[in-house]
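Residues per chain, in single letters:
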Amino acid sequence: MTHVRYHGFLSYARAADDGRARAVKHALERYARPWYRFAALRICLDETNFAAGGDVEATIAEKLERSDFLIVLASRPAATSVWMAFEVRHWLAHGGSPDRLVVVSTDLAPRDAGGPDGTMADRVPEQLRDTVAQQLVVDLSWLRGVDRQDLADPRWSTELAKLSGRLHDVDPEEIAGEERRQRQVFHRLRRLAIAGLAVLTVLSVTLATVAVAQTRSAREERAAAVRAEHVARSRQLAAASVEIGETDADLAKQIAIVAYREWPTTEAAAAVLSTAPRPGTIVLPGPARSPRFSRDGRYLAVRYGTSTPGVVVRDLVRRRTVADLALEGPDEVVGLAYGGSGTLVVLARSTGLELWRVGDGRLTRVRGVTGLFPGETPSAVAMSPDGHTVVVGGTRGGVVAVDVSDPANPVAGPVRAGGRPARTVEYAPDGRTVAVADDTGGVALWTPDGAGALTRRGALPGGTAPVSGLQFGPEGTTLVTATSTGAARLWDLAAGTVPTRPVVSWSLGTGASGFVALAPDGRTLAVAVGTDTVGLWDLTDPYEPRSRPPLTIARADEYAPLAALRYRPGTSTLLVGEPGGPGLEQWDLATPAQQGALAALPYDSPLSGNAAPAAVDPAHERIATVSSQQVCVVAVGDLRRPVATPDGCAPIDRALGTTFSADGTRLVTSTAAEGPDQLGAPAAVRIFDAGPGRGRLALRTAFTVPGTLWTPTFRLTLRPDGARLALTSSGGVEVWDVSGAPRRLARVAARDVGPIGFLGADHLVFGTGPGALGVWRIGGPGFRRIATDGFGVDALAVSPDGHAVATASRGGVRLHRVDGDTLTPTAALPGSEARRPGFTTANQVVFGRDSRRLVTVGGERGLRLWDVADLDRPVRLLSYPGGAAPAGLSPDGRLLIGQSPAGLTIWDTSVEPAITVSCGTVGEPVTRAEWRMYVPDRGYRPPCP
């Protein structure tokens, strides 16, 4: 066993000098210690190093024998310490040399040996009293009550050098030098260690930061990948929903909802909104002809097309095609009869009748009926409301009733002579009267007996032109007839006799074709006028029909006539066939609203008085109306329940332009200063304080703009802060400071200036000439031209955030990205181009407050709502036929405000209500097989449980 040797054995009085003994031991171990060693000297401290129990004296003796020096701590208690006496005695008795014994004074300095505190001999064990004067005495008398001291203390430095040098057997100066050198090495190493730790800390922090960033990046990449997967699936499902929408509306609605819940992409929102059960436009394979309804109005049967004709039956509640039949060969069908429960369709051909049963998703031919008229062919047909009888008119005036209560065994009654060739046949709603119009303008009235026989009641006096339209009023007590020249007559049949003259006769207007439809309540008559207009007449007072604002219908063919016109039974919804196009537009004329509007404000409200909406202030739910004598601001209150309340009027002559400031507190109007009809006259501009709730329009300032400023395309616009006003002129654009006294700031010459808008605070953008936009730095000598699509700009809007510009022309609606004063074309709104020469796509474009949504209104395409958050990927959310400027969006972007022919109309364009409505009208939940087809990697969970 190897025994450890000690450089010194420290002997001390335990009770009194324990702390000082520890301080001495600690100091000796540290003094002149190389940095790589634990201690410079190995010092044995009896209490520290001795094991408890056993032979204590033997243990102490063993430690003493393995020590090179004996260090005695002198103090008064040391003189009487038994253990110290034993340690000194053993040291001296076992070869310990007196010169290897060191005395450390802890309470009396050597120079005070003869002082009042006694002598050094009084402070050491008895064995050393005679020789203490010859021993090396180290003065640590100042070390009282302290365990450890800083080695840099000069008192330690001097005394420790003597003590440590003695234990090392070297000169004190040498050991002091070694201490200084080791201290310098230690400080250098410490600085290096601190620097290293700092580097390691920085490196670890950097690595940790990188690791955290990489973790975050990985997490974001995973989230982005998951999001991209959800977005892709959402768009895929939205596309599938649109694709199947015309064949299975229930499935389309549910798949659209699944797409939106997968991820609320713009495409999914558009799919939900387009498949929601709004009346909407019924899309057919070809132009609509002869629309007819089942008795309850749920089912619609309609002929379509000419070169490739067919018949389709639609369920209007579930918005799905029930049956579709393509007719072979040229269109020889002269009429379609439909009614009753909607299970039987009768086609009148030149050869006779064909009976088709509706069921199992198709039309099945049941029976043909030929030989109805000897020597003539069918020319018109109608079905009784109960669906049991069909009345057919012939080309030579014959009339016959056919009992089709058993379609497999139809029974034709006797042929009745009617006189002239039949042009149209119509049943009264109660089924008790049949009217047959001939080509001379006469109308024969017949009474069916329900068994296939007809009894002639008489004939209404004829006119000067053939009758093109017949419509019975409620209960069959009134009848409206209309000729191809636009002459209308209202007949009273309530007495049960045949009247000799009408209640009233009036002209339906220039261009009226005679195709008419009478509302189920008998109060509104619709008439086809020209190729794109439906005239409306109020028959509330039958003795004084009143004209109402007409409907403007989207046209697919400039020359195609408007021929399909029919009211849905029991409702105020009018179906109008798109001239030359594949759609049937549905208009709700009672709201008055079109296409499933949320609410409407009729023109017989305070909007009347020959006033028309001219500007919309969506922020405060108000509109400005203008007439030939005044401009008014009308508050509509809650857009969901609009009530028109006048909020101030001011007299003006015929207004050329009207606009609100962005915050709605100012209204700007302009009129011709020298007569309302003089081109080239100066413009008189008036700015009114029009804050909400004022109850009046207070004139803020008025001024006349000199020069030939009034042009047919006069435009004006306010900068968003209301401090600048831009105006067009026949020769350019002017900017006026209207923050105080009006003054013209700048003018730039330009030809054929169109719509204008502020591009930031210092630039204007405007249409100029065909196919160009102008960007002008206000005050600059000229403007920069930007080529567009080659057509003149009809409408222009700058987004509120200033990042986008939208323009409308015959070529479509195009978006431009704004970077400073630079405009970069991005994308054209899909399907926004004009379909016919000479027509525009929109006469107003309006951004929502969040710059995400865009409204295009007017022109050939009607009213449309777009999501333009991604300027490179615009998506159409909703389409409403007809509509005219102005338009706007509510502050939250959810409500669309537009002008319909019947009044100011509000549509709710939010998705969640549409989902609720869709789920409320789903007939059958999506099946498991359909779910696996469209959502194969998701568990079966129908969106509308």
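Here the structure is shown first, and the text comes after it.
This write-up is about the structure you can find in this document. The structure displayed is predicted, hence computed values, not measured ones.

Within this structure, the stated rule accounts for 6 aromatic pairs. A centroid spacing of 6.0 Å and a plane angle of 90° characterise the contact between Trp931 and Tyr940, whose relative ring orientation is edge-to-face. Residue classification places Trp931 among the buried positions, given a relative accessible area of 6%. Here the basic side chain of Arg14 rests over the ring of Trp83, its NZ or CZ set 5.7 Å away from the ring centre. For Arg100, the ring lying beneath its charged end belongs to Phe69, and the centroid distance is 4.1 Å.

All right, on to the pairing of strand β58 (residues 853-857) then. Summarising burial for β58: 5 of the 5 residues are buried, a large majority. The alternating pattern of β58 places Arg853, Val855 and Val857 and Leu854 and Thr856 on opposite faces, both of which are buried. Pairing analysis gives 4 bridges linking strand β57 (residues 844-847) to β58, with the strands arranged antiparallel. In the strand pairing of β58, Phe847 is matched with Leu854.

Another point: the sheet that holds strand β12 (residues 344-349). Spatial strand order, β11-β12-β13-β14: 4 strands in an open sheet with antiparallel pairing. Every interior strand has two partners, whereas the edge strands, β11 (333-338) and β14 (362-370), have only one. When strand polarity is set aside, the average angle formed by the axes of neighbouring strands in this sheet is 25°. Relative to β12, β11 is paired through 5 bridges, and the arrangement is antiparallel. Its bridge partner being in β12, Leu336 is matched across the sheet by Leu347.

This part covers unusual backbone geometry. Peptide bonds are mostly trans, and most non-glycine residues show a negative phi. Notably, Ser290 is not glycine yet its phi reads approximately 55°, a positive angle. A relative accessible area of 19% means that Ser290 is categorised as buried. Of note, Glu475 is a non-glycine position whose phi angle comes to about 60°, a positive value. Mapping Glu475 onto the fold places it in the loop between β24 (467-472) and β25 (478-483). Relative accessible area serves as the criterion here: at 58%, Glu475 is assigned to the exposed category.

Listed as buried for helix α3 (residues 56-65) are Ile60, Ala61, Lys63 and Leu64. The arc enclosing the buried residues of α3, seen along the axis, measures out at 165°, which places them on a common side. Summarising the contacts, the buried residues of α3 are in contact with β1 (8-11), β2 (43-45), β3 (70-74) and α5 (82-93).

Following both chains from N to C, one finds α3 and α5 inclined at 50°, their axes separated by 10 Å at the closest point. The angle between α3 and α5 falls in the class oblique. Relative to α5, α3 is oriented so that their crossing is right-handed. Between α3, through Val56, Glu57, Ile60, Ala61, Leu64 and Glu65, and α5, the contact on the second element is made entirely by Trp83, Phe86, Glu87, His90 and Trp91. Residues that form the contact of α3 with α5 fall into these classes: 7 nonpolar, 1 polar and 3 charged.

Under the criterion given, the structure shown has 2 disulfides. The disulfide that involves Cys632 links it to Cys649, with 2.0 Å between the sulfurs. Note on the Cys632 and Cys649 pair: the S-S dihedral is about 110°, so by sign convention the disulfide is right-handed. One end of the pair, Cys632, is in strand β39 (residues 630-635); the other, Cys649, is in strand β40 (residues 645-651), with 17 residues separating them in the sequence.

Summed over all chains, the structure comprises 30 salt bridges. In this structure, Asp18 engages Arg22 in a salt bridge whose closest nitrogen and oxygen atoms are separated by 3.1 Å. Taken as a pair, Asp18 and Arg22 lie in helix α1 (residues 14-30) at a separation of 4 residues, close to a single helical turn. Residue Arg22 is classed as partly exposed on the basis of its relative accessible area, which comes to 36%. In this structure, Arg166 engages Asp169 in a salt bridge whose closest nitrogen and oxygen atoms are separated by 3.5 Å. Looking at Asp169, the relative accessible area reads 48%, which means it is partly exposed. Through salt bridges with shared partners, a single network forms among Glu229, Arg233, Glu262, Asp937 and Arg938.

Bringing the side chain of Thr389 into the picture now. Along the chain, the position of Thr389 falls in strand β16 (residues 389-394). Not counting chain neighbours up to four residues away, the residues in contact with Thr389 comprise Ala382, Met383, Ser384, Ala401, Val402, Val404 and Tyr427.

A cluster of nonpolar side chains, Leu197, Leu200, Leu203 and Leu207, forms an exposed patch at the surface whose accessible area comes to about 400 Å². You can see Leu203 is positioned in helix α7 (residues 172-244).

So, about helix α10 (residues 911-920). Of the residues making up α10, those classed as buried are Val911, Ala914, Ile915 and Ser918. Seen end-on, α10 carries its buried residues on one side only, within an arc spanning 105°. In α10, the exposed positions angled more than 90 degrees off the buried face are occupied by Thr916 and Gly920. Residues of α10 that are buried make contact with α8 (249-262) and α9 (266-275).

All right, on to the nonpolar core then. Tyr260, Val272, Val855 and Leu863 are the most contacted members of the largest nonpolar core, which has 38 residues in total. Looking at this core, the element that brings in the most residues is α8, giving 8 residues. Each residue touching Val272, except ones within four places of it in the same chain, is listed here: Ala256, Ile257, Tyr260, Val911, Ala914 and Ile915. Listed in part, the 25 residues of the second largest apolar core include Ile43, Val104, Leu140 and Leu167.

This paragraph deals with the sheet that holds strand β21 (residues 434-438). One open sheet accounts for 4 strands, arranged β20-β21-β22-β23; its pairing is antiparallel. Only two strands of the sheet have a single partner each, and these edge strands are β20 (422-427) and β23 (454-460). For this sheet the average axis-to-axis angle between neighbouring strands, irrespective of direction, equals 25°. Sheet topology note: the β20/β21 ladder contains 5 bridges and is antiparallel. In the strand pairing of β21, Glu426 is matched with Ala435.

Conventions used here
- Residues numbered from 1 in each chain as written.
- Predicted model: local features only at pLDDT ≥ 70, side-chain atom pairs only at ≥ 80, totals over all residues.
- Heavy atoms only, no water.
- Phe/Tyr/Trp six-rings, centres within 6.5 Å; stacked < 30°, edge-to-face > 60°.
- Buried < 20%, exposed > 50% of the residue type's maximum accessible area, 1.4 Å probe, protein only.
- Lys NZ or Arg CZ within 6 Å of the ring centre and 35° of its normal.
- Helix = DSSP H or I, 4+ residues; strand = E, 2+ residues; numbered from the N terminus.
- Pairing = 2+ DSSP bridges.
- Axes fitted to C-alpha atoms, helices over the stretch in contact; angles between N-to-C directions.
- Arc of directions from axis to C-beta.
- Contact = heavy atoms within 4.5 Å.
- Parallel < 35°, antiparallel > 145°, perpendicular 65-115°, else oblique.
- Left-handed = near helix turned anticlockwise from the far one by under 90°.
- Nonpolar A, V, L, I, M, F, W, Y, C, P; charged D, E, K, R; others polar.
- Disulfide = S-S within 2.5 Å.
- Salt bridge = Lys/Arg side-chain N within 4 Å of Asp/Glu carboxyl O.
- Patch = residues over 30% accessible without salt bridge, like charges linked within 9 Å, V, L, I, M, F, W, Y side chains within 5 Å.
- Areas by Shrake-Rupley, 256 points an atom, 1.4 Å probe, with all protein chains shown as cover.
- Core = buried A, V, L, I, M, F, W, Y, C linked by side-chain atoms within 4.5 Å.

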